[in-house]
Amino acid sequence: MARKDIPGGKQGFDGSTDDSVKQFAKPDVRLAGIVVDSDAKLDSGKVSAQLVGQIDGAELKRWKTAPDSTEARAAFQIPAGEAALVVLDPQGNVVMRELGRVPMYKFGVLSEFIGVELSDRDEP
């Protein structure tokens, strides 16, 4: 995934509104957009966020990154090549696990958990 594939922001996808909507229909783009949009807004004292994989061209300040690995995918039963969102509480319990295209309404759970309004696409 590359920053240039994610609509919004200075280095984001440069297409029409319709093209941007099509981009966000892709699970990996939608989830990467959440990572990029929430990075500067996270309170690292309250939440630890980890991205398995990478977003080329995005300099993440608060999200930690780990290589996409068979072990990481196996731990949460994520098929190879499929995008997923897994949220754990501080005790390691799964709060949310979604594969593929996560419906926007489910991001409310994530938003509440991490304390970041995810519908606000403005950069801080």
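Just so you know, these numbers come straight off a predicted model, no measurement behind them.

Concerning the environment of R30
- Looking at the element boundaries, R30 is found in helix α2 (residues 27-39).
- Distance from R30 to P7, taken between C-alpha atoms, is 9.3 Å for residues 23 residues apart in sequence.
- Excluding residues within four positions of it along the chain, R30 makes contact with F24, A25, R101, V102, P103, M104 and F107.
- Of note is the side chain of R30, whose polar atom sits 2.7 Å from the backbone oxygen of V102.

Focus: the side chain of D89
- Within the secondary structure, D89 is located in the loop between β3 (84-88) and β4 (94-99).
- Despite being buried, D89 has no salt bridge partner; R97 is the closest side chain of opposite charge, sitting 15 Å away.
- Of the polar contacts made by the side chain of D89, one reaches the backbone nitrogen of N93; its length is 2.8 Å.
- Beyond its immediate chain neighbours, meaning those up to four positions away, D89 contacts V95 and F113.

Let's talk about the packing of α2 against helix α4 (residues 107-114)
- Interaxial distance between α2 and α4 falls to 13 Å at its minimum, and their mutual angle equals 25 degrees. Taken as axis vectors, α2 and α4 run roughly parallel relative to one another. In this structure, the crossing between α2 and α4 has a hand that is right-handed. Residues R30, L31, I34 and S38 of α2 touch α4, and the partners they reach there are F107, L110 and I114.
- Looking at the contact of α2 with α4, its residues break down into five nonpolar, one polar and one charged.

Side note on the confidence of the model for the chain
- With 95% of its residues at a pLDDT of 70 or more, the chain shows a mean pLDDT of 86.
- Ranking the elements of the chain by mean pLDDT puts α4 last, at 84, and helix α1 (residues 17-24) first, at 93.

Description of the pattern of salt bridges
- This structure, assessed with the given rule, holds three salt bridges.
- A salt bridge links D5 to K4, with the nearest nitrogen and oxygen atoms 3.8 Å apart.
- When its relative accessible area of 25% is taken as the criterion, D5 is described as partly exposed.
- Given the relative accessible area of 56%, K4 is considered exposed.
- Here D68 ties to R73 by a salt bridge, and the two come within 2.8 Å at their closest N and O atoms.

Examining the pairing of β4
- Bridge analysis of β3 against β4 gives five bridges, and the strand direction is antiparallel. Across the sheet, L85 pairs through a bridge with E98, a residue of β4.
- In textbook terms, the turn of a hairpin is the stretch between consecutive antiparallel strands, and for β3 and β4 this stretch comprises five residues, one of which, G92, has a positive phi near 90 degrees.

Reading the values: the criteria
Residues numbered from 1 in each chain as written. Predicted model: local features only at pLDDT ≥ 70, side-chain atom pairs only at ≥ 80, totals over all residues. Heavy atoms only, no water. Helix = DSSP H or I, 4+ residues; strand = E, 2+ residues; numbered from the N terminus. Contact = heavy atoms within 4.5 Å. Polar contact = N/O pair within 3.5 Å; in protein donor to acceptor, adjacent residues only side chain to side chain. Buried < 20%, exposed > 50% of the residue type's maximum accessible area, 1.4 Å probe, protein only. Lys, Arg positive; Asp, Glu negative; His and termini not counted. Salt bridge = Lys/Arg side-chain N within 4 Å of Asp/Glu carboxyl O. Axes fitted to C-alpha atoms, helices over the stretch in contact; angles between N-to-C directions. Parallel < 35°, antiparallel > 145°, perpendicular 65-115°, else oblique. Left-handed = near helix turned anticlockwise from the far one by under 90°. Nonpolar A, V, L, I, M, F, W, Y, C, P; charged D, E, K, R; others polar. pLDDT = per-residue confidence, 0-100. Pairing = 2+ DSSP bridges.

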